[in-house]
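# Observations on the model geometry
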Amino acid sequence: MRNMAAPIDRMGLLLLTLLPVLFSISDAVDRSNFKTCEQSAFCKRQRDVKPGQSPYRALLETLELSDTRLTLQLINDNNKVRLLLELYRLQGNMTRVKINELKPLKPRYEVPDVLVKDPPTEPLSVLNRDENGVVLSLGADSQRLIISARPFRLDIVDGPNVLLSINSRGLLVFEHLRLRKDTKSETDTEQDVEQNVAEKGEGEEEVKEEEDQPGMWEETFKSHSDSKPNGPTSISLDFSFPGVEHVYGIPEHADTLKLKSTEGGDPYRLYNLDVFQYELHNPMALYGAVPVLLSHTTDRTMGVFWLNAAETWVDISSSASVQGGSEKSQTDVRWISESGIIDVFVMLGPRPTDVFSQYASLTGTQSFPPLAALAYHQCRWNYNDQEDVKAVDDGFDEHDIPYDFIWLDIEHTDGKRYFTWDPLKFSQPREMLQNLKDKKRKMVTIVDPHIKVDSGYKIHKEISSKGFYIKNKDGGDYEGWCWPGNAGYPDFTKPEMRAWWASMFAYDQYEGSMENLYTWNDMNEPSVFNGPEVTMHKDALHGAWEHRDVHNLYGFYVQMATAQGLIQRSGGVERPFVLTRAFFAGSQRYGAVWTGDNAAEWGHLKMSIPMCLSLGLVGISFCGADVGGFFKSPNPELLVRWYQAGAYQPFFRAHAHLDTPRREPWLFGPENTALIREAVRQRYTLLPYWYQLFYHAHRTGQPAMRPLWVEYPENAATFAIEDEFLLGKDLLVHPVTDEGSRGVTAHLPGEGEVWYDVHTYKKHQGNQNLYIPVTMNSIPVFQRGGSIISRKERVRRSSLCMQDDPYTLYVAVNAQGTAEGELYIDDGHTFNYEKQQFIHRRLTFAEGELSSSNLSPDSQFSTASWIEKVVFMGVTKPNAATLRTAGGLESALEFEFEPATELLSLRKPGVNAGADWTIQLR
């Protein structure tokens, strides 16, 4: 939503206290409020470890092999601490590696709830074994897993090629739980030694004490102290990718799509933080963290999923070696986390689509949103009152601009008490919602997870009485400052708390709510204005676990509970829509994310593309950026270009800061209003295609918005492209993101492929860089030859108004004269599609015949929509066009042909969109 740039009089004495950490709206992030690796004690310790000196060796005599896993002890020869290595071969060409202390003083945190199920395993078998190591079969062709004993190392190989090496640089470090030296009495020490001896296994050596280093047992950042009662608990492991130059993922960062080397600078940081007006092109942590990295070459795509919810840093370095007379690249990736265990999933591809499927099998797929959620959203911090909402709603009708959702920020509440309404400004919320419903529109209100400490506030009283607040290190309720002033923070890691939170969305609990009201979870990193790095103290307690263990999961759990609440309120019938700012691996199951508090600058517009592409690569397809920029004020050119780009990104919402001038689409003159209207209308015509993309994302885990290399994995020219993207595999979009641009150069991929400009229908050959002159009304978009895309071209005031409207099919013929596509239709808002209540058609064009056939014969659904028009691109003029229905009826179709563009338009086939039919061109 925003950070702490509110006017001082709105927060009173609270903000006066916070002035040292407040910023003016014109300033960028104050980096001094956020740690560097050098200021993070565990990161500094780990980074000080030099490669090539690993003290760990595998004790091969401890190897045990069962049907589901291999276990093996590792020993650190410096301190004699033993670790337990677990290896699993998982179904779907994946390998899981777990490392934990063999006998920890107390359990170490293992991340729950992110995996959708226990991953099914396949048997491992030993192929070879000697005193130096063990060779295991991974089942697939010639893939092997090699365990080297001294020093410990894992290599995954395919024939003669090493795909991935683990600990090849010797950077495995596992800080074991221990008692603090200066708090142990002599008696304690003797008892510890006796217990250690009693628990030692045969041949096990006594643990040696290590010298304490600064920051192991307590740490201070600015005025904040971290007590670290468990002492040092950090972990590290390195991965090497021979032959790899390009790695991607680990969002969220405002940086390039291809990850950069971090040598000589800070690692990429994964630690969910409320970062005010973030800077571009740096590895600072932002609002969400998905610890998934993908490697890609012309031969293979792989992924590494580091399942750890603590603060994590990722170091990336590149090197080259001469092998067989030629230079071979290598990328090395080192993961460092503050606590927990090492739990890693290696996804071996080999294709990009395989990696997406593998990751989806672990953490789930993108939730299938209601169709309306894929339309246009209008937001501002804040619409003033019900009259303001009505005026904005009427303004869209007056200016003939469609929209589906209007949003209310924190000011709609009664004193920042969530689940309430301001009694003066929003005194009749149901009346307001009913007026929107009458126009087939919806609303989103914000519900943040900081709860005003107020004995008269129902939500606070119930959470407090049930003991559901996070505790401070002394056992009392943790309190911090946020928008309401003094606030408590519900412990969403507790299933009981999540269940209670979900129950608060019931219509009889959330007074004034209706079925067309949906939810926005903001500030859920969690944001704590007076906390270290504007977040929660790490020694706060979630039951038996410290906040340091679970931090990156907090937003994940908030969105989970909220989505469940929206589902429950309808009796499990209606699909939810929940937007979250903080997220983790698996958040895709619960809704949408956005890129946070961006700025009205060209660089932020440009950065929205790689930020959303990175999220799509790790399962989160439903991504967008605040159109126009949240902070500052866009000039008309920037605003128009942002609408044009946003219309082709998955989550399409305009949003603005409280202190910015109003920027509804009609406030910048009739010429710019017309340009914005056209961009929004283009979004609405493509809603059938967007909906189909999200159906597939939900079913398969394939990203809706994707980099070019995903579809053209052997084309090295695509590997670093981040100023254009594909929607599915059939639409290529190159937004205009430079001020004053008179042209863009788009890469059209694919040797032998053709691409059609969707506005001019001009055909272009693939495998070229095409210069495209642009004007202010240009949105360069191309349809792939060989595809069929469905549109609805009767744009109305909202998507629901278009539900029964007819379809136009755009058939783009490839060099072979063929094309194929799909059409997916359901009711647009319920879970009934899970009961086979949908239409899924295959559309094919070959040898002059276009046909529609049923892809799901068992499904049952009917639609009033029909096929209004068919547009062929890249065909010759036929003598006749004939429609044949499933009943055998034939009728001649009228058509128009434009020789210059090879464009054929068939008028009014009139056949139902769910029926079998054929059109023959002769």
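Remember, it's a predicted structure, so these values are computed and weren't measured experimentally.

### A word on the packing of helix α12 (residues 636-646) against helix α13 (residues 670-685)
In the contact formed by α12 and α13, the axes pass within 8 Å of each other and the chain directions differ by 10°. With respect to their mutual orientation, α12 and α13 come out roughly parallel. Contacts from P636, L639, V640, Y643, Q644 and G646 of α12 reach α13 at N672, L675, I676, A679, V680 and R683.

### Section: the sheet that holds strand β25 (residues 451-452)
One open sheet accounts for 3 strands, arranged β25-β27-β26; its pairing is antiparallel. Each of the sheet's edge strands pairs with one partner strand only, and the pair in question is β25 and β26 (479-482). As paired elements, β25 and strand β27 (residues 485-488) share 2 bridges and run antiparallel to each other. Across the sheet, the residue bridging to I451 is G488, located in β27.

### Observations regarding the sheet that holds strand β50 (residues 890-892)
Across the sheet, which stays open at both edges, the 11 strands sit in the order β50-β49-β53-β47-β46-β45-β43-β44-β48-β52-β51 with mixed pairing between neighbours. Looking along the sheet, the strands with just one partner apiece sit at the ends: β50 and β51 (895-898). Looking at each pair of strands side by side, their axes are set apart by 20° on average, direction ignored. One ladder, built from 6 bridges, connects strand β46 (residues 839-846) with strand β47 (residues 849-854); its direction is antiparallel. Residue pairing for β47: R841 is matched across the bridge by N854. Strands β43 (787-791), β44 (807-812), β45 (819-825) and β46 of the sheet are contacted by helix α14 (residues 687-700), whose axis makes an angle of about 85° with β45.

### Overview of the state of the cysteines
Throughout the structure, instances matching the rule amount to 2 disulfides. Paired by a disulfide, C612 and C623 hold their sulfur atoms 2.1 Å apart. Taking the torsion about the S-S bond as the criterion, the C612 to C623 disulfide, at about -75°, is left-handed. Of this pair, C612 sits in helix α11 (residues 602-617) while C623 sits in strand β33 (residues 623-624), and the two are 11 residues apart along the sequence. Accessibility expressed as a relative area gives 0% for C623, which makes it buried.

### Things to note about the pattern of salt bridges
Overall, the coordinates contain 61 salt bridges when judged by the stated rule. Note that D77 is salt-bridged to R150, the shortest N-O span being 3.9 Å. Of the two residues, D77 is situated in the loop between β2 (70-76) and β3 (82-90) and R150 in the loop between β8 (143-148) and β9 (153-158); the sequence distance between them amounts to 73 residues. Assessed through its relative accessible area of 63%, R150 is described here as exposed. Put simply, D226, R269, E311, E338, E533, K538, E546 and R548 are held in one network by salt bridges that share partners.

### Remarks on the side chain of H296
Within the element layout of this structure, H296 appears in strand β17 (residues 292-296). Within polar-contact distance, the side chain of H296 engages the side chain of T301 at 2.7 Å. Apart from the residues within four sequence positions on either side, H296 is in contact with V244, H246, Y248, T301, P352, W709, P713 and F719.

### Structural notes on the pairing of strand β18 (residues 301-306)
By the criterion of burial, β18 is predominantly enclosed, with 6 of the 6 residues buried. Side-chain alternation along β18 places T301, G303 and F305 on one buried face and M302, V304 and W306 on a second face that is also buried. Hairpin connection, β17 to β18: the antiparallel pair is bridged by 4 residues. Examined bridge by bridge, β18 and strand β21 (residues 342-347) share 4 bridges and lie antiparallel to one another. Bridge assignment links G303 to a residue of β21, and that residue is M347.

### A look at the packing of aromatic side chains
Applying the stated criterion across every chain yields a total of 48 aromatic pairs. Both rings, one in F419 and one in Y510, keep their centres 5.3 Å apart while their planes meet at 80°; by these two values the pair is edge-to-face. With F419 in the loop between β23 (405-408) and α6 (429-438) and Y510 in the loop between α8 (495-503) and β28 (517-521), this pair connects stretches of sequence that are 91 residues apart. Comparing F419 with Y510 shows no difference in burial state: the two are buried. What links up through ring pairs into an aromatic cluster is the set F405, W407, Y518, W520, F577, W594, F622, F651 and F694. The cationic tip of R96 hangs over the ring face of Y88; the distance from NZ or CZ to the ring centre is 6.0 Å.

### Notes on the environment of G159
Along the chain, the position of G159 falls in the loop between β9 and β10 (161-166). C-alpha separation for the pair G159 and S142, spaced 17 residues apart in sequence, amounts to 5.2 Å.

### Focus: the confidence of the model for the protein
In the predicted model, the protein carries a mean pLDDT of 94, and 94% of its residues have values of at least 70. Low confidence marks residues 185-201, where pLDDT is under 50. Its contacts with residues over four positions away, or in another chain, come to 11 contacts.

### Some thoughts on the nonpolar core
Counting residues in hydrophobic clusters, the biggest one holds 175 residues, and the most contacted among them are F305, M443, W501, F577, Y643 and L727. Setting aside anything within four residues of it in sequence, one finds F305 in contact with V114, L115, P291, V292, D343, V344, F345, M347, Y359, L362, T363 and A585. One finds L74, L164, F241 and V244 within the second-largest nonpolar core, a separate group that totals 51 residues.

### Some remarks on unusual backbone geometry
Residues R150 and P151 are joined by a peptide bond in cis, for which omega reads -10°. Within the fold, P151 resides in the loop between β8 and β9. Phi at E533 is positive, roughly 55°, even though this residue is not glycine. Its identity is not glycine, yet N767 carries a phi of approximately 60°, on the positive side. Mapped onto the elements, N767 comes out in the loop between β40 (763-765) and β41 (768-773).

### Notes on the packing of α11 against α12
Close contact between α11 and α12 brings their axes to 10 Å; oriented N to C, the two are set at 5°. The angle between the axes of α11 and α12 places the two elements in the roughly parallel class. Along the contact surface, α11 presents W602, H604 and L605, while α12 presents E637, L638, R641, W642 and A645. Residues belonging to the contact of α11 with α12 are distributed by class as follows: 5 nonpolar, 1 polar and 2 charged.

### What to know about the side chain of T737
Within the secondary structure, T737 is located in the loop between β37 (731-733) and β38 (743-748). Engagement of the side chain of T737 in a polar contact is seen with the side chain of K606, the distance being 3.3 Å.

### Some words on the environment of A360
Mapped onto the secondary structure, A360 falls in helix α4 (residues 352-363). A relative accessible area of 10% means that A360 is categorised as buried. Spatially, the C-alpha atom of A360 lies 7.3 Å from that of T700, the residues being 340 residues apart in sequence. Setting aside residues no more than four positions away along its own chain, A360 makes contact with T365, T700 and G701.

### Considerations on the pairing of β9
Two faces make up the sheet, and in a regular strand the side chains alternate between them. The buried count for β9 comes to 5 of 6 residues, which makes it a mostly enclosed element. The pairing of β8 with β9 spans 6 bridges and is classified as antiparallel. Note on β9: the bridge partner recorded for S148 is R153. Between β8 and the antiparallel strand that follows it, β9, lie 4 residues. The sheet contact formed by β9 and β10 spans 5 bridges and is antiparallel. Note on β10: the bridge partner recorded for L154 is I166.

### Some remarks on α13
With 16 residues, α13 should reach 22 Å at 1.5 Å per residue; the first-to-last C-alpha distance of 22 Å fits that figure. Among all positions in α13, only N672, T673, L675, I676, A679, V680, Q682, R683, Y684 and T685 are buried. The secondary structure elements touched by the buried residues of α13 are β22 (376-378), α12, β34 (652-654), α14 and β43.

What counts, and at which threshold
- Residues numbered from 1 in each chain as written.
- Predicted model: local features only at pLDDT ≥ 70, side-chain atom pairs only at ≥ 80, totals over all residues.
- Heavy atoms only, no water.
- Axes fitted to C-alpha atoms, helices over the stretch in contact; angles between N-to-C directions.
- Helix = DSSP H or I, 4+ residues; strand = E, 2+ residues; numbered from the N terminus.
- Parallel < 35°, antiparallel > 145°, perpendicular 65-115°, else oblique.
- Contact = heavy atoms within 4.5 Å.
- Pairing = 2+ DSSP bridges.
- Disulfide = S-S within 2.5 Å.
- Buried < 20%, exposed > 50% of the residue type's maximum accessible area, 1.4 Å probe, protein only.
- Salt bridge = Lys/Arg side-chain N within 4 Å of Asp/Glu carboxyl O.
- Polar contact = N/O pair within 3.5 Å; in protein donor to acceptor, adjacent residues only side chain to side chain.
- Phe/Tyr/Trp six-rings, centres within 6.5 Å; stacked < 30°, edge-to-face > 60°.
- Lys NZ or Arg CZ within 6 Å of the ring centre and 35° of its normal.
- pLDDT = per-residue confidence, 0-100.
- Core = buried A, V, L, I, M, F, W, Y, C linked by side-chain atoms within 4.5 Å.
- Nonpolar A, V, L, I, M, F, W, Y, C, P; charged D, E, K, R; others polar.
- Expected span 1.5 Å × (residues − 1).

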